[in-house]
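# Commentary on secondary and tertiary structure
Single-letter residue listing:
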Amino acid sequence: MRIGIDYTSAAKQGGGIGRITRGLVAGVAALDLNNEYVLLAARDAPSFALCGPNFRARRLPLSERLLTIAWHRAQLPLPVEIWAGPLDVFHAPNFTLAPTRARRAIVTVHDLTFLRYADGAVPALRAFLMDAVPRAARRADCVVADSQATRADLSEWLHLPPDRVVVVYAGVDERFQPVTDASRLDAVRAKYALLRPFVLGLGTLEPRKNFVGLMRAFARAALPEYELVIAGRPGWLHEPILRAARSTPGVRLLGFVDDDDLPALYTLAAAYCLPSHYEGFGIPCIEAMACGTPVVCSDRPCLPEIVDDAALTVSPSDTDALADALRRAVLDAGTRTALIARGLVRARLFPWSRGAADLLAAYRAVA
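Right, let's walk through the structure included here. (Residues numbered from 1 in each chain as written. Predicted model: local features only at pLDDT ≥ 70, side-chain atom pairs only at ≥ 80, totals over all residues. Heavy atoms only, no water.)

## Structural notes on the overall build of the protein chain
- Scanning the protein chain for helices and strands turns up 16 helices and 13 strands.
- The globule rule puts the C-alpha radius of gyration for 367 residues at 21 Å, and the 21 Å found for the protein chain is close to it.
- Contacts in the protein chain between residues far apart in sequence, at least 24 positions, make up 64% of those at least 6 positions apart.
- On the protein chain, roughly 15,100 Å² of surface is accessible, and the fraction owed to carbon and sulfur atoms is 53%.
- In the protein chain, the 42 positive side-chain charges and the 38 negative ones have mean positions that sit 4 Å from each other. (Helix = DSSP H or I, 4+ residues; strand = E, 2+ residues; numbered from the N terminus. Rg over C-alpha atoms; globule rule 2.2 N^0.38 Å. Contact = heavy atoms within 4.5 Å. Areas by Shrake-Rupley, 256 points an atom, 1.4 Å probe, with all protein chains shown as cover. Lys, Arg positive; Asp, Glu negative; His and termini not counted. Charge placed at Lys NZ, Arg CZ, Asp CG, Glu CD.)

## A look at the sheet that holds strand E13 (residues 312–314)
- With parallel pairing, the six strands of this open sheet are ordered in space as E10-E9-E8-E11-E12-E13. The open sheet has two edge strands, strand E10 (251–255) and E13, and neither has a second partner. On average, each strand axis in the sheet is tilted by 20° relative to the strand beside it, whichever way the strands run.
- As judged from the four bridges shared by strand E9 (residues 227–231) and E10, these two strands associate in the parallel manner. When the bridges of E10 are listed, isoleucine 230 appears paired with leucine 253. (Pairing = 2+ DSSP bridges. Axes fitted to C-alpha atoms, helices over the stretch in contact; angles between N-to-C directions.)

## Examining the nonpolar core
- Grouped together as the largest cluster of nonpolar side chains are 67 residues, with contacts concentrated most on Tyr266, Tyr272 and Tyr363.
- Residues contacting tyrosine 266, with those up to four places away along its chain left out, are Phe176, Leu200, Leu202, Tyr272, Pro284, Glu287, Ala288, Cys291 and Thr293.
- Counting residues in each nonpolar core, the second largest holds 36 residues, with Ala102, Ala105, Ala140 and Leu158 among its members. (Core = buried A, V, L, I, M, F, W, Y, C linked by side-chain atoms within 4.5 Å. Buried < 20%, exposed > 50% of the residue type's maximum accessible area, 1.4 Å probe, protein only.)

## A look at the side chain of arginine 2
- Along the polypeptide, arginine 2 turns up in strand E1 (residues 2–6).
- Polar contacts involving the side chain of arginine 2 include one to the main-chain carbonyl oxygen of alanine 84, which spans 2.7 Å.
- The contact partners of arginine 2, leaving out residues within four places of it in the chain, are Glu36, Val38, Arg58, Ala84, Gly85, Pro86, Leu87, Asp88 and Val89. (Polar contact = N/O pair within 3.5 Å; in protein donor to acceptor, adjacent residues only side chain to side chain.)

## Regarding helix H16 (residues 352–366)
- Over its 15 residues, H16 extends 21 Å from the first C-alpha to the last, a length consistent with the 21 Å expected when each residue adds 1.5 Å.
- If you check which residues of H16 are buried, you get Trp352, Gly355, Ala356, Leu359, Leu360, Ala362, Tyr363 and Val366. Along H16, the residues classed as buried sweep out an arc of 155° about the axis, all on the same side.
- Elements that come into contact with the buried residues of H16 comprise E1, helix H2 (16–31), strand E2 (36–41), strand E4 (89–92), strand E5 (104–109) and strand E6 (142–145). (Expected span 1.5 Å × (residues − 1). Arc of directions from axis to C-beta.)

## Concerning the environment of leucine 160
- Relative to the helices and strands, leucine 160 resides in the loop between helix H7 (148–158) and strand E7 (165–167).
- For the pair formed by leucine 160 and alanine 137, sequence separation is 23 residues and the distance between their alpha carbons is 7.9 Å.

## Quick look at unusual backbone geometry
- With an omega of 0°, the peptide bond between proline 301 and cysteine 302 qualifies as cis.
- Structurally, cysteine 302 is set in the loop between strand E12 (295–298) and helix H13 (303–307).
- Unusually for a residue other than glycine, alanine 222 sits at a positive phi of about 55°.
- Looking at the element boundaries, alanine 222 is found in the loop between helix H9 (211–221) and E9.
- Given the relative accessible area of 45%, alanine 222 is considered partly exposed.

## Regarding the sheet that holds E2
- The seven strands lie next to each other as E3-E2-E1-E4-E5-E6-E7, forming an open sheet whose pairing is parallel. The sheet terminates laterally at strand E3 (55–59) and E7, the two strands that pair on one side only. When strand polarity is set aside, the average angle formed by the axes of neighbouring strands in this sheet is 25°.
- Note: E4 against E5, four bridges, orientation parallel.

## So, the pairing of E12
- Direction of pairing for strand E11 (residues 271–274) relative to E12: parallel, over a ladder of three bridges. The partner of leucine 274 across the bridge, within E12, is cysteine 297.
- Running through helix H12 (residues 283–290), the crossover from E11 to the neighbouring parallel element E12 is right-handed. (Right-handed = clockwise from strand over helix to strand, strands pointing away.)

## What about empty space enclosed by the protein?
- Within the structure shown, the criterion is met by one cavity of 30 Å³ or more.
- The volume enclosed by the largest cavity comes to roughly 80 Å³.
- In terms of lining residues, the largest cavity is bounded by 13 residues, among which Thr21, Leu24, His91, Pro93 and Thr108 are the most central.
- The set of elements that each furnish at least two residues to the lining of the largest cavity consists of H2 and H16. (1 Å grid on protein atoms, 1.4 Å probe; cavity = no way out; pocket = protein on both sides within 12 Å on 5 of 7 lines; lining within 4 Å. Points joined across faces, edges and corners; volume = space filled by probe spheres on them.)

## Brief notes about the pairing of E11
- Neither face of E11 is left uncovered, since the one carrying Ala271 and Cys273 and the one carrying Tyr272 and Leu274 both have all their residues buried.
- Sheet topology places strand E8 (residues 198–202) next to E11; two bridges connect them, and they run parallel. Counterpart to leucine 200 in the pairing with E11 is tyrosine 272.

## A few points about the environment of alanine 132
- Within the secondary structure, alanine 132 is located in helix H6 (residues 123–139).
- Note: C-alpha distance between alanine 132 and leucine 97 (35 residues apart in sequence) is 8.2 Å.

## A look at the pattern of salt bridges
- In total, this model carries 21 salt bridges according to the counting rule given.
- The shortest N-O distance in the salt bridge between arginine 116 and aspartate 153 comes to 3.0 Å. In this pair, arginine 116 sits in helix H5 (residues 113–116) while aspartate 153 sits in helix H7, placing the two residues 37 residues apart along the sequence.
- A residue is classified by how much of its surface remains accessible, and aspartate 153, at 4% relative accessible area, is buried.
- One salt bridge connects aspartate 186 with arginine 189, and the closest N-O pair in it is separated by 2.7 Å. (Salt bridge = Lys/Arg side-chain N within 4 Å of Asp/Glu carboxyl O.)

Below, the structure is given as structure tokens:
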């Protein structure tokens, strides 16, 4: 088979979708030396390394923005094969599906935040996704979801037959493990001025992540020796988060954190908390577990499915419950020991090879 993959998000995005695409494609490359792969990337995407000898790169002539306008707003019938050559399967891993003449098409829909949580995206982006994603799902021969929860959402909200949706879990890089190098820990501690023990939050500063709720819970948890450290770039509607951070004692925003520093940052944290209103997978929970860090997270989809019994799960709108979970994860020795042990085991269930095998099976099944 000759398989084309839109690699733009993998080349451009440092966050969830980019990380998922890179991890799965690298995993597929390790498993499959027989099929030919063509990675397509927008003109403004950074250069990237190929994953294996059977991989080729093709640069598209327009920027990602102009491709979006041409393909999804103007709906110009410019198939990717103009640049990729003939394809048996074309995979679009970022919600929308470009025009293609491939015999079979696959699109990944990571979550339905834009439908289920109105504050999950800028209004213009939400309107675009509400048009483009259902259209892509209807055109595709197979839809890939990050979790069973998203698979159920696709059935409920987009009325997709279950047999057209395949669950492909994300994974955790092998570099995420407890950091034992004291000099490395000291370097990260100094770089981010981590002078006190801390609870870690990580993610784009936007309403869906519920960082304001986390700050309220941290204040109510009464952990005077600890601070709450939140790392992430500003996103849409981030101003209330900045105001809450300024007015809540013991809270500090780190801004963007280098990806290479994350294993040490997780290792240094007394606990990691992801209190989101909605998630497609929640990679940081698994990364934190792999680093031996107790995890507290929301009980909203799809986090209970991903963390199972290896984290404390609470309603993101219940401040008291979240505060109590933080206290237990930080101060209760028995709870901490159990969460660390179960988390290390749970994280090992999500190697990239697992999701890559399922994705490769999907390619073969539709061909």
